[in-house]
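Fold and geometry: a report
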Amino acid sequence: MRKLLLVPALLFSLASFSQSPVDKSFPKEELFALGSYYYPEQWDSSQWERDLKKMSEMGIKFTHFAEFAWAMMEPEEGKFDFDWLDRAVSLADKYGLKVIMCTPTPTPPVWLSKKYPDILIQRDNGVTIQHGRRQHASWSSDRYRKYVERIVSRLAEHYGNNPAVIGWQIDNEPGHYGVVDYSENAQTKFRLWLQKKYGTIDKLNDVWGNSFWSETYQDFSQVRLPSQQEVPDKPNPHAMLDLNRFMADELAGFVNMQADILRRHINKDQWITTNLIPVFNPVDPARIDHPDFLTYTRYLVTGHKQGIGNQGFRLGIPEDLGFSNDQFRNCVGKAFGVMELQPGQVNWGTYNPQPLPGAVRMWVYHVFAGGGKFVCNYRFRQPLKGSEQYHYGMIMTDGVTLSPGGKEYACVAEEMKKLRAAYDKKNHMPGQLAARRIGMLFDMSNYWEMEFQRQTDQWWTLPHMHKYYNLLKSFAAPVDVISEKEDFSSYPFLIAPAYQLLDNALVARWAKYVENGGHLILTCRTGQKDRDAKLWEAPLAAPIHQLAGISNLFYDHMPRNLWGKVNFGDREYGWNNWADVITPSAGTQVWATYADQFYKEAASVTHRKLGKGTVTYIGTDTDDGKLEKDVMRRVYAEAGASTEDLPYGVVKEWRDGFYIALNYTSDIQEIAIPDKAEILIGNARLEPAGVVVWKE
């Protein structure tokens, strides 16, 4: 028999055959691709060719069609028209642009909404949302799903073997933009969901604690989705947690259903994704597992955040992209892209400033630095009519002039050529970076539960996560934001910030991780409740006591205008957000203590050795994060891992053999680059919004 080693051509073909459709569309050696949204249905057809030709000339590799075009595809019930879209796809192909085809399900046509108003979502005040915008159809409507199946099937049959179409996007930012659906469709499906979960109404009553305030139900038919409009006080917290989980399951089921429909009709070389808004109710990426990979959308300069320094409002904050990169990179498929990134001013902010020159380019490089496959720009042309008139495109209102952001995209397209030429496929992560790697556990159920029961007006769950994330990035530590589905053993460090809901099985996994040499960091609120948000019939956070070397703890809060003190080493730190006051077990080291209040000298931070590893419990949540940063630096130092000390707003990442540094601050920053390094883009002196890329 002929050996495969003697047939390199066959080996190549086998390697190609084994490639995923995502890798075929975005080959590793190409590093990164740029795309742009285009809406042929919104422009005179005489302009399509000019626009798509210009897109190609700018270095854009793919375009994005049809997510809002259901009324064009099916202008009347059962009558389909793809001729116009065929022409647009053909023109894209003519100029070397690949196409992401989208299912148009965020925007059902008016004939569907008017003929079948039962498909529409309903607000908590009983008002049915009408036709005229987007995301107004209920995922819980069987009728709507039937029409979705038909349009998606027809679209997939038509373009499932078109070589110009590389992949599919399901819907667009599914999530009803934060509006909870209280329609009868959702009410009915919620009851079925509860019945499947609990089996009996007695079990639901027990888990929800319904004997309190005489909330007890006799039958599932009596249960309604909890609504603030229907009760004089806050709804039952267990019911609210189930509402969030149910809505996340409905959203995930809607997306997964469409992925299954597409899969029946499309070519194996076409991939499937959807674009999500990160950390946004009711989106839970961990539940959406039928696509090949997930993408997200992000707008950084919208007037909502002041940023860093006097020009920060024009730059955004680094964790908005960084945290999302590190989360979505670890979702289904272990790949991600950013499907929407602003090219300039938007139209919907609290105010709408111009991004600082260079900011758009910096954001694109941040996605590249985080391991993204691509950035798709929203949008190519600034519209002249409709709701987004004031939303910049890469092309200005005259239809031909590049916007400042468009010029920055074209700049990145040129610079990528230099990086591709310098790419070495044999690269591997440097040892000092690998030694700093950390997994950060994040779970939407924890987020939902703590946001509903904050306990103090100074508690915000995501900022707590971001505080630890930012201090780790200041160490230049590679961070993976992961779910419990992942194997912890590959990480030298693992952190679970405020991981409030857990079970004994997770604690056992943590213990095994530590015993085998891992370094686990837990923070305040961890382990207070079980998965159903019930406090343990035991001391507070009892399941983690043995693991963390704790015999007891309680928590305290301070008013906004008063501060408590914590001593760590020879420094004093202020706090007034949250304090877990810890009684350590014998053999547990006390690293930090409270300097005042009635529990003066009680433990604030503890540390213990377990097997080959360690467990550190950081019980205090501060505003400035200085205590947490100094504790984490000691954790790393005692584990023998080096750290850097980058200022907040300076991002340093490593990807595919390249170091990338970015400056989100309003000041010039000097980046330490070894003399032997080869600087490929930029220089070590970073202006605000500056980028430097080098190889060592």
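Here, the structure is the one placed above.
Not measured: the values here are computed from a predicted model.

**Observations concerning the overall build of the protein**
Broken down by element type, the protein carries 19 helices and 26 strands. For the protein, whose C-alpha radius of gyration is 26 Å, the value lies close to the compact-globule estimate of 26 Å for 696 residues. Principal axes of the C-alpha set define a box for the protein whose edges measure 75 × 75 × 70 Å. Taking all 696 residues of the protein together, the buried fraction comes to 58%. Taking the intrachain contacts of the protein between residues at least 6 apart in sequence as the baseline, contacts between residues at least 24 apart amount to 71%. Total accessible area on the protein is roughly 28,100 Å²; 51% of this is exposed by carbon and sulfur atoms.

**Observations regarding the side chain of Asp51**
Along the chain, Asp51 turns up in helix H3 (residues 48–57). Taking the relative accessible area as the measure of exposure, Asp51 reaches 1% and is therefore buried. Discounting residues that sit within four places of it in the chain, Asp51 has contacts with Tyr38, Phe380, Arg381 and Gly399.

**Focus: the sheet that holds strand E7 (residues 336–341)**
What the eight strands build is a closed barrel, ordered E1-E2-E3-E4-E5-E6-E7-E8; its pairing is parallel. Each strand axis lies, on average, 30° off the axis of its neighbour in the sheet, ignoring direction. As paired elements, strand E1 (residues 33–37) and strand E8 (residues 374–377) share four bridges and run parallel to each other. In the sheet register, Ser36 faces E8, and the bridge partner there is Asn377.

**Examining the environment of Pro353**
Mapped onto the fold, Pro353 is located in the loop between E7 and helix H12 (359–369). A C-alpha to C-alpha distance of 42 Å links Pro353 and Pro492, two positions 139 residues apart in sequence. Sequence-distant contacts of Pro353, defined by excluding residues within four places in its chain, comprise Val301, Thr302, Gly303, Phe313, Arg314 and Gln345.

**Some remarks on empty space enclosed by the protein**
For the structure on display, the rule yields three cavities of 30 Å³ or more. Every residue lining the largest cavity is counted, 15 residues in all, and those nearest its centre are Pro318, Asn470, Lys473, Val650 and Val651. Listed by contribution, the elements that provide at least two residues to the lining of the largest cavity are helix H11 (318–328), helix H16 (461–474) and strand E21 (650–655). Ranked by the residues each element gives to the lining of the largest cavity, the list is headed by H16, at four residues.

**A short note on the pattern of salt bridges**
By the definition in use, this model includes 47 salt bridges. For Asp532, the salt bridge is made with Lys197, and the minimal N-O distance between the two is 3.9 Å. Pair noted here: Asp532 is in the loop between strand E12 (519–523) and helix H18 (545–548) and Lys197 is in helix H8 (residues 184–198), with a separation of 335 residues, a long-range link. Among the ionic contacts, a cluster of salt bridges with common partners joins Asp326, Arg329, Arg437, Lys473, Asp480 and Glu653.

**Focus: the state of the cysteines**
Using the criterion set out here, one finds zero disulfides in the structure. There is no disulfide at Cys331, and the cysteine sulfur nearest it, in Cys376, is 19 Å away.

**A look at H3**
Regarding H3, the residues found buried are Trp48, Asp51, Leu52 and Met55. Projected down its long axis, H3 shows its buried positions confined to an angular sector of 90°, all on one face. Elements in contact with the buried residues of H3: E1, strand E2 (62–65) and helix H5 (83–94). Looking one or two places after H3, you find Gly59, whose phi comes out positive at around 95°.

**Re the pairing of E2**
The two faces of E2 match: Phe62 and His64 on one face and Thr63 and Phe65 on the other face are all buried. As paired strands, E1 and E2 are joined by three bridges and run parallel to one another. Each residue of the ladder has a partner; that of Tyr37, found in E2, is His64. Each parallel crossover has a hand, and the one from E1 via H3 to E2 is right-handed. As judged from the four bridges shared by E2 and strand E3 (residues 98–102), these two strands associate in the parallel manner. Looking at E3, one finds that Phe62 is bridged to Lys98.

**Things to note about H11**
The buried fraction of H11 is high, at eleven of eleven residues. What H11 keeps buried is the set Pro318, Glu319, Asp320, Leu321, Gly322, Phe323, Ser324, Asn325, Asp326, Gln327 and Phe328.

**Points about the sheet that holds E21**
Strand order across the open sheet formed by four strands is E21-E22-E26-E24, with antiparallel pairing between neighbours. Strands at the two margins of the open sheet, each flanked by one partner only, are E21 and strand E24 (678–681). If you compare each strand with its neighbour and ignore which way they point, the axes differ by 25° on average. Strand direction decides the pairing type here: strand E22 (residues 658–663) and strand E26 (residues 691–695), joined by four bridges, are antiparallel. Within the sheet, the bridge partner assigned to Ala661 lies in E26 and is Val692. Here H12 sits on the sheet and contacts E21, E22, E24 and E26; the angle it forms with E22, its principal contact strand, is near 145°. Where helix H13 (residues 404–422) meets the sheet, its contacts fall on E22, E24 and E26, and the angle it forms with E24 comes to roughly 145°.

**A look at the pairing of E22**
As a general feature of sheets, a regular strand has side chains that alternate between the two faces. Within E22, six of the six residues are buried, which leaves it mostly tucked inside the rest of the structure. Side-chain alternation along E22 places Phe658, Ile660 and Leu662 on one buried face and Tyr659, Ala661 and Asn663 on a second face that is also buried. By the bridge criterion, six bridges tie E21 to E22 in an arrangement that is antiparallel. Within E22, the position partnered with Trp654 by the bridge is Tyr659. Joining the antiparallel neighbours E21 and E22 is a turn of two residues, in which Asp656 adopts a positive phi near 50°.

**Some remarks on the nonpolar core**
Counting 100 residues, the largest nonpolar core has Phe65, Met101, Trp363, Tyr365, Leu419 and Phe658 as its most contacted members. In terms of residues, this core owes the most to one element, H12, which gives nine residues. Core analysis: the second largest hydrophobic core is formed by 45 residues, Ile438, Ile521, Val581 and Ile618 among them.

**Description of the packing of H8 against helix H10 (residues 237–265)**
For the pair H8 and H10, the least separation of the axes is 10 Å and the interaxial angle reads 105°. Judged by the inter-axis angle, H8 sits roughly perpendicular to H10. Every residue of H10 that contacts H8 at Ala186, Lys189, Phe190, Trp193, Leu194, Lys197 and Tyr198 is listed here: Asp242, Leu243, Arg245, Phe246, Met247, Asp249 and Glu250. Split into classes, the residues belonging to the contact of H8 with H10 amount to eight nonpolar, no polar and six charged.

**Let's talk about the packing of aromatic side chains**
Inspection of the entire model under this criterion finds 42 aromatic pairs. An angle of 40° between the planes, with centres 6.1 Å apart, marks the rings of Trp70 and Tyr144 as tilted. Placement of Trp70 in helix H4 (residues 70–73) and of Tyr144 in helix H7 (residues 142–159) is noted, with a sequence separation of 74 residues between them. For Trp70, a relative accessible area of 0% puts it in the buried group. In this structure Tyr144 comes out as buried when scored by relative accessible area, which is 1%. Among the aromatic residues, ring-to-ring pairing joins Phe26, Phe62, Trp271, Phe293 and Phe374 into one connected group. Positioned over the ring face of Phe452 is Lys234, at 4.3 Å from the centre of the ring. The ring of Trp43 carries Arg381 above its face, with NZ or CZ at 3.4 Å from the centroid.

Parameters and conventions
- For every chain, the first residue of the written sequence is number 1, and numbering continues from 1 along that sequence.
- Reporting of local features is limited, given that this is a predicted model, to residues whose pLDDT is at least 70; pairs of side-chain atoms are given and counted only at 80 or more, and all residues count toward the totals for whole chains, interfaces and linings.
- Neither water nor hydrogens contribute to the side-chain values; these are computed over all heavy atoms in the structure.
- Put simply, DSSP marks the helices as runs of H or I at least four residues long and the strands as runs of E at least two long, and each gets a number from the N terminus on.
- Computation of the radius of gyration draws on C-alpha atoms, with the globule rule given as 2.2 Å multiplied by the number of residues to the power 0.38.
- For every residue, the accessible area (1.4 Å probe, protein chains only) is compared with the maximum for its type, and the residue is labelled buried under 20%, exposed over 50%, or partly exposed between those bounds.
- Here, residues are in contact when the closest pair of their heavy atoms is within 4.5 Å.
- The protein chains shown are the only cover counted for residues, whose accessible areas, like all others here, come from Shrake-Rupley with a 1.4 Å probe.
- Strands are labelled as partners when DSSP assigns at least two bridges between them.
- Interaxial angle, 0 to 180 degrees, is taken between N-to-C directions of lines fitted to C-alpha atoms, where a helix line uses only the stretch in contact.
- Every definition here rests on a 1 Å grid over the protein atoms only: cavities are sets of points where a 1.4 Å probe fits but cannot get out, pockets are open sets enclosed by protein on both sides within 12 Å along at least five of seven lines, and lining residues have some atom within 4 Å of a point.
- Grid points are joined across faces, edges and corners, and a volume is the space filled by probe spheres set on the points.
- Salt bridges, as used here, are contacts in which a Lys or Arg side-chain nitrogen is within 4 Å of a carboxyl oxygen on Asp or Glu.
- Here, two cysteine sulfur atoms that lie within 2.5 Å of each other are counted as a disulfide.
- What the arc covers is the set of directions going from the helix axis to the C-beta atoms.
- Classification remark: right-handed applies to a crossover when, strands pointing away from the viewer, the course from the first strand over the helix to the second runs clockwise.
- For our purposes a nonpolar core is just a set of buried Ala, Val, Leu, Ile, Met, Phe, Trp, Tyr and Cys residues, chained together by side-chain atoms within 4.5 Å.
- Put simply, angles under 35 degrees are roughly parallel, angles over 145 are roughly antiparallel, angles from 65 to 115 are roughly perpendicular, and the rest are oblique.
- Residue polarity follows a fixed list, in which Ala, Val, Leu, Ile, Met, Phe, Trp, Tyr, Cys and Pro are nonpolar, Asp, Glu, Lys and Arg are charged, and the others, Gly among them, are polar.
- Stacked, tilted and edge-to-face pairs are distinguished by plane angle, under 30 degrees for stacked and over 60 for edge-to-face with tilted covering the rest, among Phe, Tyr and Trp rings (Trp via its six-membered ring) whose centres lie within 6.5 Å.
- Comment: the charge-over-ring label is applied if NZ (Lys) or CZ (Arg) is within 6 Å of the ring centre and within 35 degrees of the ring normal.

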